[in-house]
Amino acid sequence: MPAIKNKVTLEKTLQRMYWIEAEMEQLGTWEGRIEMMDDNVAALETLSHDSDRHGDIMKKWLIKANITIPEEAPPGLPKHIFNFDGMANQEMFRSIMKYEILAMNVYKDMKNTNSDIIKELLPNEEDVTDFLTDLEQLIKDEDVHASICKKQIGGFTKVMY
Ligand SMILES: [Fe+2]
């Protein structure tokens, strides 16, 4: 059963993912705030850079579908998703990984939405195709992101997907 059952839910999901990607982009700001190894820094930069790109993709679809671009945290999301103060690096990447997996699953839900609902949002056939292509790429990227986090957490930690 598809998780997104109507247009309103799809709209809200787009807004939430825009917000989450914007928060993920901010990961880069933690670079100087906690002590990290070079490998950790490189990982964080990749996650931050890609999230910036992903946020732009969400924004593009919000605009195309005439949906308000959120200026504050959408309902159900905390004002700031991440706070790594006092965390060890492994712990930090563990908490990031949860959101990478969440993002991947939400993009999968969006991609599996009934095409009639997507068409309600995007009446132009070409837009629907582009939207699904974008989601395909986002799912792949988030899968890579989860692996990047997993690598930073290390081989001795059992990670539950
Ligand atoms: Fe990501």
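Notes on the structure follow. This structure is a prediction, so every number in the text was calculated from the model and none was measured.

What counts and how
Residues numbered from 1 in each chain as written. Predicted model: local features only at pLDDT ≥ 70, side-chain atom pairs only at ≥ 80, totals over all residues. Helix = DSSP H or I, 4+ residues; strand = E, 2+ residues; numbered from the N terminus. Expected span 1.5 Å × (residues − 1). Buried ≥ 20, exposed ≤ 12 C-beta atoms within 10 Å, placed from the backbone. Contact = placed C-beta atoms within 7 Å. Core = buried A, V, L, I, M, F, W, Y, C linked by C-beta atoms within 7 Å.

### Points about helix H2 (residues 38-64)
In this model, H2 (27 residues) spans 39 Å end to end at C-alpha, consistent with the 39 Å of a helix rising 1.5 Å per residue. Within H2, the full set of buried residues consists of Ala43, Leu44, Leu47, Asp50, Ser51, His54, Met58 and Trp61. Those residues of H2 hidden inside the fold are in contact with helix H1 (7-25), helix H3 (89-111) and helix H5 (125-153). Positive phi appears at asparagine 66, one or two residues downstream of H2, with a value of about 60°.

### Concerning the nonpolar core
Formed by 33 residues in total, the largest nonpolar core has its most connected members in Met17, Leu47, Ile96, Ala103 and Tyr107. Elements that contribute at least two residues to this core include exactly H1, H2, H3, helix H4 (115-121) and H5. Here the element with the most residues in this core is H3; it accounts for ten residues. Discounting residues that sit within four places of it in the chain, leucine 47 has contacts with Met24, Leu27, Ile96, His145 and Ile148.

### Here we look at the environment of lysine 140
Note that lysine 140 resides in helix H5. What makes lysine 140 exposed here is the crowd of 12 C-beta atoms within 10 Å. Sequence-wise, lysine 140 and leucine 14 are 126 residues apart; in three dimensions their C-alpha atoms are separated by 18 Å.

Geometric values such as these leave the question of function open.
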